[in-house]
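One-letter residues, chain by chain:
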There are 4 protein chains.
Amino acid sequence: MPPPATPPHPRTGRPRSAAADAAILVATREALVELGWPKLTMGDVARRAGVAKTTLYRRWAHKSELVVDAVAVLFDELELPDRGSLLEDVQGVVLQFAALLERPETKTALMAVVAESTRDPALRERIRSAIVERQKRLVLLGRERAQARGELPYEESPVQAARDADLIFDVIAGAVVHRALVSAEPVDEAWARSFTSLLVSGLGGGRGR
Amino acid sequence: MPPPATPPHPRTGRPRSAAADAAILVATREALVELGWPKLTMGDVARRAGVAKTTLYRRWAHKSELVVDAVAVLFDELELPDRGSLLEDVQGVVLQFAALLERPETKTALMAVVAESTRDPALRERIRSAIVERQKRLVLLGRERAQARGELPYEESPVQAARDADLIFDVIAGAVVHRALVSAEPVDEAWARSFTSLLVSGLGGGRGR
Amino acid sequence: MPPPATPPHPRTGRPRSAAADAAILVATREALVELGWPKLTMGDVARRAGVAKTTLYRRWAHKSELVVDAVAVLFDELELPDRGSLLEDVQGVVLQFAALLERPETKTALMAVVAESTRDPALRERIRSAIVERQKRLVLLGRERAQARGELPYEESPVQAARDADLIFDVIAGAVVHRALVSAEPVDEAWARSFTSLLVSGLGGGRGR
Amino acid sequence: MPPPATPPHPRTGRPRSAAADAAILVATREALVELGWPKLTMGDVARRAGVAKTTLYRRWAHKSELVVDAVAVLFDELELPDRGSLLEDVQGVVLQFAALLERPETKTALMAVVAESTRDPALRERIRSAIVERQKRLVLLGRERAQARGELPYEESPVQAARDADLIFDVIAGAVVHRALVSAEPVDEAWARSFTSLLVSGLGGGRGR
DNA sequence: AAATAAACGAGACGGTACGTCTAGTCTTGAT
DNA sequence: ATCAAGACTAGACGTACCGTCTCGTTTATTT
C-alpha cells in the first residue's frame, strides 16, 4: 500500500517519507494486536511509528481507512495449494481463512471496518477493492482446478461464471466469518469437513434437486 | 426486553420505571437510524428518552450491551411461513433476513457489536443468547417441515442434529450477511434463488458425493 | 474570586466544586512562576490542579481570563502604611508595586493579558474591574491623608476629584510598569525617590506653572 | 530596517533578496492589523509576503523578534515640532504617542512583545535598542529646547542628565501606555492637558518642595 | 404517619481521544 | 548560499464522549 492518498502537487517540495508509510502500517497492526480496534487511537499509532500525528492524518483521514490498508495485506497471504480434490481444496482454504480470522489483528478489525462502512461509501469501496475483490482469486483458481479435474462443468457464459464465483465467495467467507465471529465457535477440522461436505453436496446430500 | 439487569434487592425502595426501559430502547433504535453506531452517544439516547444518564447506566453497563438489546427484538420478527418446499422456505427466510439487514438500525449495529464482542466475552455471550440462539428456531422449524415432507431424512443422533442445525445457520446467516454487508451487493430474489439452489443441491449440482 | 462564571441553572444537578476553583487558581500561579505566560497551558494547569480540562473550561473560557483572576488577588496585598508625608507614602507604594511586579507571576502575566485585552473587550473589562479599579483605593487613601496633613488642597468638585485620581493612578502605575517591564531597569529606592520628587514637585522643580 | 540578522559568510552564494526583507515586514504589519498578535502566524506572514517560511526564519529566529522589527519603524515617525513652550511640546508628543498606540499594529503588538520579553533577555535587548533607546531622543530634544527657552535649568552633571531623561521618558511613555492600554481610557486633549500640567508643576501644583 | 430505601433528573466530575493548528526544522529541486 | 514548496516533529488547542459521582426530589414499601 505505498501511496495511500496521492498528494495534489507531486513535483515540488519535500517528498513524503516512504519509511513513514511503512512504519505507520506496521505500528497499526501492532496496536491492533495489543489493544484491539476500539482502543486503538491515532495518537498511539503515531507514537509507535515514531511519527507525528500530522504525518498520519496527511495520509489517512480516518482510523478505519488506515486499518483497512494495514490489514488488507494479511489477506494476500492466503493460498490455495493443490490438494487433489475440490473437497480438500475448499477444506484447506477454509482452515487457512479461519486461522487468519483467529489472528488478533484481523479478528478485531474486520467486523469493525465493515460496521463503519455501512455508513461510509468510500470506506465500503476501499474494503471491496483492497480485500474482497483481491481474494476472489481463490475461488476462481479453485474452480479452474476442479474443472480441469472434471469435478465441475465449464460455465456456459462468462457473466454467469462471475456471478457464481461471487456467490461461492460469499458463502464460504460468510460461513467462516459467521461461525468464527458471530457464533463465536471454533472453526476446526471437523467443522471444516462438515461445511465442505455440505457445500459440495448440498442439503439434500447430493440426492438431486 | 424485560428488566435487563436485575437489581440486587428487588423488594424495597422505589421500583424501576418500566416506561423508562421502553423509552430507552426506542430512543436507541431511533438514534441508530439517524446517526449510526459510531455517532450514537449515551447522552443523546438519554436525552431522546427523556431520561437521565444515570437511569440508563443503571440498566446497561455499556453502550454495546444496550444496542444488542435494542436490536435483538427486531430479529424476533423473522418468521418462516410454510411455502410448500424446502427450497422456497429457505428462499423466503433469506429474503426476510436480507430485508432486516437493510434496515439502518440493524445494518449499522450488528457488525459493530460483533466487532466489539471479539474482545469482550460478556458481550459475546449476550449476542449469542439474545440473537444467535433465538434465531436458530428458524432452522429447526424449517428442517422439521422438510422432514415431514420427506425432503430431508431424520437425523440419526440428537447431537448430530444440533451440530447440523448450527452449521446450516452459520451458512445461511453468514452468506446473507457477507453478501449484504461485506460485499455490499443487493440480496435480491435472483441471488436468493441462486443461493438456495446451491445450498440444497451443492456445488456439484446434486451429482456429487 | 470564588464563582468566576455563574452557571445558568444554579439549583439543580451536582454543584460545582469550590475546591476545584481554588486548586485551579493556585495551580495557575504556580505554573506562571515556573513556566511563564507563553508556556503556560490549560492542560498543564488542569494536571497541576488535579482537575480535568473540562472542569477548567467550564469556569474559564480562555487562558487570559483565568490568569487575570489568578493574579488579581496578588494586587490586593498592596497597602499604604502611613509614613508621615505624601512624599514618603508615594515612595512606599511605588516600592511595593515594584516588588509585586518583580514577582514572576505578575511580571510575566500582566503585560500579556493587557496585550490580549487590546482585541477583547470582555477581557479588558475583567482587567479593569479585577485589578485597575480595585487598586485606585490606594490613590484615594493617599490623597485623603495628604489633605488631612494639609499637603494637598481639598478638591472643589467630586467629578474633578475622580478624574485627578485616575490621572495620578495612571502616572504612578504607568511609570513603574514602564520602568520595570519596558525599559527593564530596576525600580530601586533611588529611582523611587527621584520619581516621587518629580511627581510631587514637577519638572519645573516646584518653581511655578 | 536593514538586514536584521547578518549571514555568517556574506560573500559567496546567491545573495539575499532585499525585496523579501521589505515584503515580510509589510506583511507582518498587515497581519497585525487584520489578526492581532495572538492570531498572527509565521505561515500566514510568509504567504502574504509571497515568500517561503525558510526565507523568513533565515532572517528572524522568532515571531516576537520579527514583530519588534516590523513595529519599531512606526515609532520613528514620532516628531517633536516646536510649539513654543515646554508645556505645549510635551502635550504634542503625548498626543502623537497616543495616536500611535491607537493604531492596531502597535496596540496589539507592543504589550505582547514586552510580555514575551520578561522571560527572554535577547528580546528585551532588541526592544530596548529598536524602540526604547531610539525614542529617548524626543526627551533630549524637548529638554534642550526648554533649557534654551529658560524653562528648565541646565543639568549639573551628564550622568544626572541621563538619569533624568530616563526617568522622564518612563513617566511620559508609562502614563500614556497605562492610560491607553491598561485603564483603556481615551488619551484626548483634555487628558493630555491635565497630564502635562501635572508633570510640569507636580502634585503640589507648583507650591511644594 | 413516619421512616426507610431505592430510583429519578440534572449536571458536574476525571479521564481520554479527537482532529486541527502552529512553531520551527528539514529536505527536495531549481536559481 | 539562496529560494519556493511542502513534508516533518512536537505539542497545545478546545470539543466531545464515556462512565462515575453527587446533589435534591420523588415514589414506593415497611414500620
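Treat the numbers as computed from the prediction; the structure is a model and nothing was measured.

Enquirer: Before we move on, could you go through the overall build of chain A and cite the residues and values that matter?
Expert: The helix and strand inventory of chain A stands at nine helices and zero strands. Going residue by residue from the N terminus, the α and β elements of chain A occur as α-α-α-α-α-α-α-α-α. Counting only C-alpha atoms and orienting by the principal axes, one finds that chain A spans roughly 65 × 40 × 30 Å. Taken over 209 residues, chain A has a buried fraction of 40%.

Enquirer: A description of the interface of chain B and chain A should follow, citing residues and the corresponding values.
Expert: The figure often quoted for interface size is the accessible area lost as the parts come together. Listed as interface residues are 42 residues of chain B and, on the opposing side, 43 residues of chain A. Contributions of two or more residues to the side of chain B that touches chain A are made by helix H6 (104-117), helix H7 (121-149), helix H8 (158-182) and helix H9 (189-201) of chain B. With twelve residues, H8 of chain B is the largest single contributor of residues to the side of chain B that touches chain A.

Enquirer: Report on unusual backbone geometry, specifying residues and quantitative values.
Expert: Of note in the backbone geometry, Ala 184 of chain A takes a positive phi value of approximately 60 degrees without being a glycine. Residue class for Ala 184 of chain A comes out partly exposed when judged on the 17 C-beta atoms lying within 10 Å of it.

Enquirer: Tell me about the protein's contact with DNA strand F, and name the residues and values.
Expert: Taken together, the neighbourhood of DNA strand F is formed by 52 residues, with Gly 13 and Arg 14 of chain A, Arg 14 of chain C together with Gly 13 and Ala 52 of chain D sitting nearest. Mapped by element, the contributors of at least two residues to the surface near DNA strand F are helix H3 (53-59) of chain A, helix H2 (42-49) and helix H3 (53-59) of chain B, helix H2 (42-49) and helix H3 (53-59) of chain C together with helix H3 (53-59) of chain D. For the surface near DNA strand F, the class distribution of residues is 13 nonpolar, 24 polar and 15 charged.

Enquirer: Please set out the interface of chain D and chain C residue by residue, giving values where relevant.
Expert: The interface of chain D with chain C comprises 43 residues on the first partner and 43 residues on the second. Residue assignment for the side of chain D that touches chain C shows that the elements contributing at least two residues are helix H6 (104-117), helix H7 (121-149), helix H8 (158-182) and helix H9 (189-201) of chain D. When residues in the side of chain D that touches chain C are grouped by element, the largest group, twelve residues, is from H8 of chain D. Among the residues making up the side of chain D that touches chain C, the classes are represented as 21 nonpolar, 13 polar and nine charged.

Enquirer: Let's hear about the packing of helix H4 (residues 63-75) of chain A against helix H7 (residues 121-149) of chain A: which residues, and what values?
Expert: Residue and element names in this part refer to chain A. The interhelical angle for the contact between H4 and H7, taken along N-to-C directions, is 0 degrees, at an axis separation of 10 Å. Accordingly, the angle class assigned to the pair H4 and H7 is roughly parallel. In this structure, H4 contributes Ser 64, Glu 65, Val 68, Asp 69, Ala 72 and Phe 75 to the contact, and H7 contributes Leu 123, Arg 126, Ile 127, Ala 130, Ile 131, Arg 134 and Gln 135. Here the contact of H4 with H7 is composed, by residue class, of seven nonpolar, two polar and four charged.

Enquirer: If you had to explain the protein's contact with DNA strand E to someone new, which residues and values would you point to?
Expert: Looking at DNA strand E, there are 48 residues lining it, with Arg 14 of chain A, Gly 13 of chain B together with Gly 13, Arg 14 and Ala 52 of chain C nearest. Of the residues belonging to the surface near DNA strand E, the class tally is 13 nonpolar, 21 polar and 14 charged.

Enquirer: Quick one: what's the story with H9 of chain D, residue by residue and with numbers?
Expert: Residues and elements named next belong to chain D. With 13 residues, H9 extends 18 Å between its outermost C-alpha atoms, agreeing within 8% with the 18 Å of an ideal straight helix rising 1.5 Å per residue. Along H9, the positions that sit buried rather than exposed are Trp 191, Ala 192, Phe 195, Thr 196, Leu 198, Leu 199, Val 200 and Ser 201. Downstream of H9 by one or two residues, Gly 202 has phi in the positive range, about 85 degrees.

Enquirer: Describe the UniProt feature "domain: HTH tetR-type" (unreviewed entry) in chain A, naming the residues involved and giving the relevant values.
Expert: In the numbering used here, UniProt assigns the "domain: HTH tetR-type" (unreviewed entry) feature to residues 18-78 of chain A. Secondary structure content for residues 18-78 of chain A is 75% helix and 0% strand, and the end C-alpha separation is 26 Å.

Enquirer: Outline the environment of Ile 131 of chain B, supporting the account with residue identities and numerical values.
Expert: All names here are of chain B. Topologically, Ile 131 is positioned in helix H7. Its 23 C-beta neighbours within 10 Å are what place Ile 131 among the buried residues. Filtering out sequence-adjacent residues up to four positions away, Ile 131 remains in contact with Ala 72 and Phe 75.

Enquirer: Can you tell me about the relation of the copies chain D and chain C, naming the residues and giving the values?
Expert: Between chain D and chain C, which share one sequence, the superposing operator has a rotation angle of 179 degrees and an axial displacement of 0.1 Å; the RMSD is 0.2 Å. In short, the pair behaves as if placed about a two-fold rotation axis.

Enquirer: Tell me what's going on with the domain arrangement of chain A, and back it up with residues and numbers.
Expert: All names here are of chain A. Domain boundaries assigned for chain A yield domain 1 (18-61) and domain 2 (72-201). Between the C-alpha centres of domain 1 and domain 2 the distance comes to 28 Å. The interface of domain 1 with domain 2 comprises five residues on the first partner and five residues on the second. Partitioning the side of domain 1 that touches domain 2 into residue classes produces three nonpolar, one polar and one charged.

Enquirer: Describe the UniProt feature "DNA-binding region" (unreviewed entry) in chain A, with residues and values.
Expert: Per the UniProt record, the feature "DNA-binding region" (unreviewed entry) sits at residues 41-60 of chain A. Annotated as 75% helix and 0% strand, the span residues 41-60 of chain A places its first and last C-alpha atoms 13 Å apart.

Enquirer: Explain the confidence of the model for chain A to me, using residue names and the numbers behind them.
Expert: In this model, chain A carries an average pLDDT of 92, and 93% of its residues clear a pLDDT of 70 or more. At the low end of the mean pLDDT range in chain A sits helix H6 (residues 104-117) of chain A, at 94; at the high end sits helix H2 (residues 42-49) of chain A, at 98.

Enquirer: Give a detailed account of the arrangement of the chains, specifying residues and quantitative values.
Expert: If you take every C-alpha in chain A and every C-alpha in chain C, the smallest gap between them is 17 Å, and the two do not touch. Chain A shows no contact with chain D. Their nearest C-alpha atoms sit 11 Å apart.

Enquirer: Break down the packing of helix H1 (residues 18-35) of chain B against H6 of chain B for me, with residues and values.
Expert: All names here are of chain B. Running from N to C, H1 and H6 cross one another at 90 degrees; their axes reach a closest spacing of 8 Å. Regarding the angle of H1 to H6, the classification is roughly perpendicular. On H6, the residues touching Arg 29, Leu 32 and Val 33 of H1 are Pro 104, Glu 105, Thr 108 and Ala 109. Counted by class, the contact of H1 with H6 contains four nonpolar, one polar and two charged residues.

Enquirer: Quick one: what's the story with helix H1 (residues 18-35) of chain A, residue by residue and with numbers?
Expert: Residue and element names in this part refer to chain A. Taking 1.5 Å of rise per residue, the 18 residues of H1 would be expected to cover 26 Å, and the 26 Å separating its terminal C-alpha atoms lies within 8% of that figure. All of the buried residues in H1 are Ile 24, Leu 25, Ala 27, Thr 28, Arg 29, Ala 31 and Leu 32. Against the buried residues of H1 lie H2, H3, H4 and H6. After H1 finishes, the residue Gly 36 shows a positive phi value of roughly 80 degrees.

Enquirer: How would you explain the environment of Met 111 of chain D if you had to name every residue and give the values?
Expert: Inspection of the secondary structure assignment puts Met 111 of chain D in helix H6. As a C-alpha pair, Met 111 of chain D and Val 177 of chain D span 66 residues in sequence and 9.2 Å in three-dimensional space. The residues touching Met 111 of chain D, leaving out its near neighbours within four places in the chain, are Met 111, Val 114, Ala 115 and Thr 118 of chain C together with Leu 181 of chain D.

About the criteria used
- Residues numbered from 1 in each chain as written.
- Chains lettered and ligands numbered in written order.
- Predicted model: local features only at pLDDT ≥ 70, side-chain atom pairs only at ≥ 80, totals over all residues.
- Helix = DSSP H or I, 4+ residues; strand = E, 2+ residues; numbered from the N terminus.
- Buried ≥ 20, exposed ≤ 12 C-beta atoms within 10 Å, placed from the backbone.
- Contact = placed C-beta atoms within 7 Å.
- Near = placed C-beta within 6 Å.
- Nonpolar A, V, L, I, M, F, W, Y, C, P; charged D, E, K, R; others polar.
- Axes fitted to C-alpha atoms, helices over the stretch in contact; angles between N-to-C directions.
- Parallel < 35°, antiparallel > 145°, perpendicular 65-115°, else oblique.
- Expected span 1.5 Å × (residues − 1).
- UniProt positions renumbered as here; feature names shortened; annotations may be inferred.
- Least-squares fit on C-alpha atoms with pLDDT ≥ 70 in both.
- Domains from an automatic or database assignment.
- pLDDT = per-residue confidence, 0-100.

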